[in-house]
Amino acid sequence: MEMNRDDEGAKLGMWIFIFTEILLFGGLFLVYAVMRNRYSDEFHQAAHQLNAFIGTVNTVVLLLSSATVAMSITAVRKGEKRKGVLFILITLLCAGVFLINKYFEWGHKLSIGLYPGSEMMVGLKHGYILFFSLYFFMTGLHVLHLIAGSIILTIIMVRIQIGSINAGNNVLLENGGLYWHLVDLIWIFLFPLLYLIT
Amino acid sequence: MAETITHSYLENTGRYKGILAWLTSTDHKRIGLMYMYAMMVFFIVGVLLGELMRLELFRPGQQFYSAQTYNGIFTIHGIIMIFTVVIPGLAAVFGNFCMPLLIGARDVAFPRLNLFSWYLYILGAAIALSSQFLGNGPPDTGWTFYAPYSIQTHTNVVAAVFGAFVLGFSSILTGLNFIVTIHRLRAAGMTFFRMPLFPWSLYATAWIQVLATPIVGITLLMVIAERWLRIGFFDPSLGGDPILYQHLFWIYSHPAVYIMILPAMGVITEIIPTFAQRRVFGYKAIALSSLAIALVGYFVWAHHMYTSGMSITARWVFSLLTFLVAVPSAIKVFNWVTTMYKGSISVKPPFLFALGFIFLFMIGGLTGLSLGSLATDIHVHDTSYVVAHFHYIIFGGVGFAFFAALHYWYPKMYGRMYNFRRANIAFGFLFVGFNLLYFPQFVIGIMGMPRRYFDYLPQFTLGHQLSTIGGFILLIGIIIMLVNLFSKKGVKAPDNPWGGKTLEWTIPSPPPVENFDELPVITGEPYYFE
Ligand code: HEM
Ligand SMILES: [Cu+2]
């Protein structure tokens, strides 16, 4: 079968896929809006329980990682293979830092018994339950996306190294980068909604 | 001479033989057929479950099995029919097989993704069906999984819900693939307004698949999380809101009925001009009404919730919008009828099924209006009137359009004809059986027969018995049709048995692997009958 490469088509496909991801999270944002409206005081107080410092660090880390993905694309386009690999590596490191932070953040909550379905949680006021449920569900789903994105970027990194992604053929890298920006973007929304509106 | 031998797509020329050659093929035509075979298996299982329910309902009181079993059967019947048959439906089968042919392309934009969608489809269906055998027994929530019952019941809801989630993912990827294909791979000279109308309807459908499915996806994940972790989004005892579930569910599931019906309308729009040998009347109106349906169809979801608690303003707004969305559907019906006017009609089986579609779809659509208006809906809500209505739309509409498409493109698919007389007889059984099966349900529904009940008061007996008899006449029709199509090889089909004008009829039957020797160049409208 004759295989015409169609970069435009590949990018269009990726954009549509990103739309669907935004809508997926959109459903959660809708639930958040409804519940926040219903239990605004309790949401307000519950948000104090989150560690805004860790949240801020993670935001900075993700923003940085988005920048390095973009730089990798530029580098590969110019044919600078080593730089391209290096920038992806930095991106992956950022993702690692993010995950470690998340581990400590969640670990703390689990250790004090604050997780969906725990005895303590079920005894709380409804607004608290919903806030923390949303917190775990939304950040959990986001972390899954982050992990998926990291796997994709790892594959891309290998491909740059072996040269199958190069100056002339890099739509896969571009699409991987787009996906990574999406992961970043969703966090940019989650961060104020969960950590900052206190 | 350097002439290349072009193999038919049905011959195996690659590395693998037999079934493996199919399971690894990224040829859109093979994938279309693979969807069709899987779907037919599910359809037959679903039909048999339907007949099982009809048997139980033959007389009031318990006949063969318990009420709980009945609840399980209507749930899995609904899940199979909705998620594995009609939602992928015509788009997955005929969209895959024909759309690239109709727009003059060699394949879809992402052939491997296309095969991956098929595997996801099989996986999702398998997970959904596993709910019958694993865990604490078959789910009993109905295919709608309404909270809070879906949170509380001990049956195996998670498997069914997760299966539906995976099926949704498959549907999204197919939609994505079709959008990119239609944007990027149309033949040279084929502007959007020179594109045949089946691809048009698939285009509108694909946008709905892409934009609506994620919402139900996340909702289903929330249900799972809620059952496992007591997360509380929809469970009022934890502060959640069951009505919110209904909103999120119908935001997808109403547009989903357009995912089912739009490709059906598209197929009918291909068939009618061919058998009337006339240009389609109101080409642009039909094309744009598909988009209009997709758009307005987004904003009518709450007509499923008139009785579940909403402000009066919300109710009349949704009612108004529901009436609006009927307009583009009606436009299509008028255009089909006008296309036939003064045409030189030849009544062959595909045309007969298309006529059946128009008739049944009109009954379904008109009764839909009485469900869309506030006062009458309160009366018939959750009665068998609703059951009759949606079977008229999805079985009478989508199902008959599927049969029409099958009889229309069968010669292209297999390079063989089938027996017309037997196809007509099958149509007769199907049509009579169908109406006998569902029309009485309108009547007993108005009299007050609730839906999802396994028992009933004596005054509904006659209606139920007619209905059950109709169900078995219908079953005979299905058997005759399938035997006629698939039991033995017919005579060889010509390239263009019906005198159609669209591109698929310009290539051999069955088509060669790469469809077109040379990609066509389009210089005019798709339906240029004299
Ligand atoms: C021979 C064919 C069929 C028969 C005899 C049949 C029969 C039935 C019956 C008896 C019910 C339960 C009604 C109630 O108790 O409220 C039902 C429900 C349903 N049917 Fe069918 N049906 C058939 C074909 C189809 C087809 C082709 C579709 C869709 C493509 C379909 C979709 C549904 C759905 C969505 C429900 C609702 C399930 C629920 O309430 O959760 N059926 N059908
Ligand atoms: Cu609806």
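The coordinates are above.
Every chain begins its residue count from 1, and numbering advances along the sequence as written. Note on labels: chains are lettered from A, ligands numbered from 1, in written order. Only residues with pLDDT of at least 70 get local features here, since the model is predicted, and only at 80 or more are side-chain atom pairs given and counted; chain-wide, interface and lining totals rely on the full set of residues. Excluding hydrogens and water, the side-chain figures rest on all heavy atoms present in the structure.

This next bit is on helix H9 (residues 242-276) of chain B. Residues and elements named next belong to chain B. In this text, helices come from DSSP runs of H or I with a minimum length of four residues, and strands from runs of E with a minimum of two, each type numbered from the N-terminal end. A helix's residues, less one, multiplied by 1.5 Å, set its expected span. Along its 35 residues, H9 runs 51 Å from first to last C-alpha, staying within 8% of the 51 Å computed at 1.5 Å per residue. To get the bend at any residue, fit one axis to the seven residues that end at it and another to the seven that begin at it, then take the angle between the two axes. At Trp250, H9 is deflected by roughly 35°, the largest bend along its length. Burial classification: accessible surface area is computed with a 1.4 Å probe over protein chains only, and a residue below 20% of its type maximum counts as buried, one above 50% as exposed, and the rest as partly exposed. The element H9 is largely enclosed, with a buried count of 32 among its 35 residues. Between the side-chain oxygen of the N-cap and the backbone nitrogen of Ile243 there are 2.9 Å, and the N-cap of H9 in question is Asp241. Phi for Gln277, located one or two positions after H9, is positive at around 50°. Side-chain atoms alone can form a polar contact between residues adjacent in sequence; in general such a contact is a pair of N or O atoms within 3.5 Å, and within protein one must be able to donate a hydrogen while the other accepts it.

Residue and element names in this part refer to chain B. By nearness alone, 26 residues border ligand 1, and Tyr70, His77, His391, Arg451 and Arg452 come closest of all. Take Trp143: an N or O atom from its main chain is 3.0 Å from an oxygen atom of ligand 1. His391 places a side-chain nitrogen or oxygen 2.7 Å from a nitrogen atom of ligand 1. Going through the elements one at a time, helix H2 (28-56), helix H3 (67-86), helix H14 (384-414) and helix H15 (420-447) are the ones with two or more residues in the shell around ligand 1. Looking at the shell around ligand 1, the element that brings in the most residues is H3, giving seven residues. The nearness test applies per residue and asks whether one of its heavy atoms lies within 4 Å of the molecule or strand.

Sites may look incomplete, because water is not among the atoms used; the donor set itself consists of N, O and S atoms within 2.8 Å of the metal (3.2 Å for Na, K and Ca). Protein-derived ligands of the copper ion (ligand 2) are His254(B) (ND1), His303(B) (NE2) and His304(B) (NE2), with the metal-ligand distances lying across 1.7 to 2.0 Å. A relative accessible area of 12% means that His303(B) is categorised as buried.

Residues count as neighbours in contact if any of their non-hydrogen atoms are within 4.5 Å of one another. Between chain B and chain A, the residue contacts involve 36 residues of the former and 32 residues of the latter. Between chain B and chain A, roughly 2900 Å² of surface is buried when both sides are summed, and carbon and sulfur atoms account for 77% of that area. Buried area: the accessible surface (1.4 Å probe) lost by two parts on joining, summed over both. The largest contributions to the chain B side of the interface with chain A come from Arg184(B), Ile218(B) and Phe233(B), which together make up 18% of the buried area. Between Asp241(B) and Arg38(A) there is a salt bridge, with the nearest N and O atoms lying 2.9 Å from each other. Applying the counting criterion to the chain B and chain A interface returns six residue pairs in polar contact (both at pLDDT 80 or more). At the level of elements, helix H7 (157-184), helix H8 (197-229) and H9 of chain B are the ones that each hand at least two residues to the side of chain B that touches chain A. For the side of chain B that touches chain A, the leading source of residues is H8(B), giving 11 residues. Of the residues assigned to the side of chain B that touches chain A, the class counts are 24 nonpolar, six polar and six charged. Each reported salt bridge corresponds to a side-chain nitrogen of Lys or Arg within 4 Å of a carboxyl oxygen of Asp or Glu. Amino acid classes used here: Ala, Val, Leu, Ile, Met, Phe, Trp, Tyr, Cys and Pro are nonpolar; Asp, Glu, Lys and Arg are charged; the rest, including Gly, are polar.

All names here are of chain A. Only residues whose relative accessible area exceeds 30% and that form no salt bridge enter a patch; like-charged residues are grouped when within 9 Å of one another, and nonpolar side chains (Val, Leu, Ile, Met, Phe, Trp, Tyr) when within 5 Å. Per-residue and other accessible areas were derived by the Shrake-Rupley procedure at a 1.4 Å probe size, with only the shown protein chains allowed to occlude residues. On the surface, a nonpolar cluster with roughly 370 Å² of combined accessible area is contributed by Leu144, Ile147, Ile151 and Ile155. Turning to its location among the elements, Ile155 is positioned in helix H6 (residues 126-162). Of the residues examined, Ile155 reaches a relative accessible area of 45% and is grouped as partly exposed.

It is worth spelling out the nonpolar core at this point. What we call a nonpolar core is a set of buried Ala, Val, Leu, Ile, Met, Phe, Trp, Tyr and Cys residues that are connected through their side-chain atoms within 4.5 Å. Judged by nonpolar contacts, the single largest core of 243 residues is most densely connected at Phe94(B), Phe357(B) and Trp409(B). The residues contacting Phe94(B), other than those within four sequence positions of it, are Met99(B), Phe198(B), Phe402(B), Ala405(B), Leu406(B), Trp409(B) and Met413(B).

Residue and element names in this part refer to chain B. Pairing of aromatic rings covers Phe, Tyr and the six-membered ring of Trp, with a centre-to-centre limit of 6.5 Å; geometry is then stacked below 30 degrees between planes, edge-to-face above 60, and tilted otherwise. As enumerated under the stated definition, the model contains 68 aromatic pairs over all chains in all. When the centroid spacing of 5.8 Å and the interplanar angle of 65° are considered together, the rings of Tyr9 and Phe97 count as edge-to-face. In this pair, Tyr9 is assigned in the segment before helix H1 (18-23) and Phe97 in helix H4 (residues 89-102), connecting sequence segments 88 residues apart. For Tyr9, a relative accessible area of 1% corresponds to the buried category. Classification of Phe97 by relative accessible area gives buried; the value is 0%. Taken together, a centroid distance of 5.8 Å and an interplanar angle of 25° make the contact between Phe420 and Trp498 stacked. With a gap of 78 residues between them, Phe420 in helix H15 and Trp498 in the segment after helix H16 (461-486) connect regions that are remote in the sequence.

The subject of this paragraph is unusual backbone geometry. Backbone phi values are negative for most residues with the exception of glycine, while trans is the configuration of most peptide bonds. Residues and elements named next belong to chain B. For the bond running from Ala147 to Pro148, omega is 0°, close enough to zero to count as cis. Residue placement: Pro148 occurs in the loop between helix H5 (111-130) and helix H6 (149-152). Cis geometry marks the peptide bond from Ser509 to Pro510, where omega comes out at -10°. Turning to its location among the elements, Pro510 is positioned in the segment after H16.

Moving on: empty space enclosed by the protein. Residue and element names in this part refer to chain B. In this analysis, the protein atoms alone were mapped onto a 1 Å grid. Cavities are point sets where a 1.4 Å probe fits without being able to get out; pockets are open sets with protein on both sides within 12 Å along at least five of seven lines; lining residues have an atom within 4 Å of a point. Grid points are joined across faces, edges and corners, and a volume is the space filled by probe spheres set on the points. Going through the model one piece at a time under the given rule, you end up with two cavities of 30 Å³ or more. Lining the largest cavity, in full, are Tyr35, Phe83, Pro88, Ala91, Ala92, Tyr121, Leu167, Ser170, Ser171, Thr174 and Gln209. Taken together, the elements giving at least two residues each to the lining of the largest cavity come down to H4 and H7. Element by element, the count of residues in the lining of the largest cavity is highest for H7, at four residues.

Residue and element names in this part refer to chain A. Counted under the stated rule, the structure contains 10 salt bridges over all chains. Salt-bridge contacts for Arg77 lead to Glu174; the nearest nitrogen and oxygen are separated by 3.0 Å. With Arg77 in helix H3 (residues 52-77) and Glu174 in helix H7 (residues 171-196), this residue pair connects regions lying 97 residues apart in the sequence. Glu80 is the salt-bridge partner of Lys83, the closest N and O atoms lying 3.1 Å from each other. The structure contains a network of salt bridges with shared partners spanning Lys11, Arg77 and Glu174.

The next point concerns the packing of H2(B) against H3(B). All names here are of chain B. Every axis corresponds to a line fitted to the C-alpha atoms, with the helix fit spanning only the stretch in contact, and the corresponding angles, defined between N-to-C directions, vary from 0 to 180 degrees. Relative orientation of the contacting elements H2 and H3 amounts to 150°, with a least axis distance of 9 Å. Considered as vectors, H2 and H3 are oriented roughly antiparallel to each other. Of the two possible hands of crossing, H2 and H3 adopt the one that is left-handed. From H2, Met39, Phe42, Phe43, Val45, Gly46, Val47, Leu49, Gly50, Leu52, Met53 and Glu56 reach across to H3, where they touch Tyr70, Ile73, Phe74, Ile76, His77, Ile80, Met81, Thr84 and Val85. Along the lines of polarity and charge, the residues of the contact of H2 with H3 split into 15 nonpolar, four polar and one charged. Orientation is classified from the angle alone, with under 35 degrees giving roughly parallel, over 145 giving roughly antiparallel, 65 to 115 giving roughly perpendicular, and any other angle giving oblique. Helix crossings get a hand from a simple test, with the near helix turned counterclockwise from the far one by less than a right angle marking a left-handed crossing and a clockwise turn marking a right-handed one.

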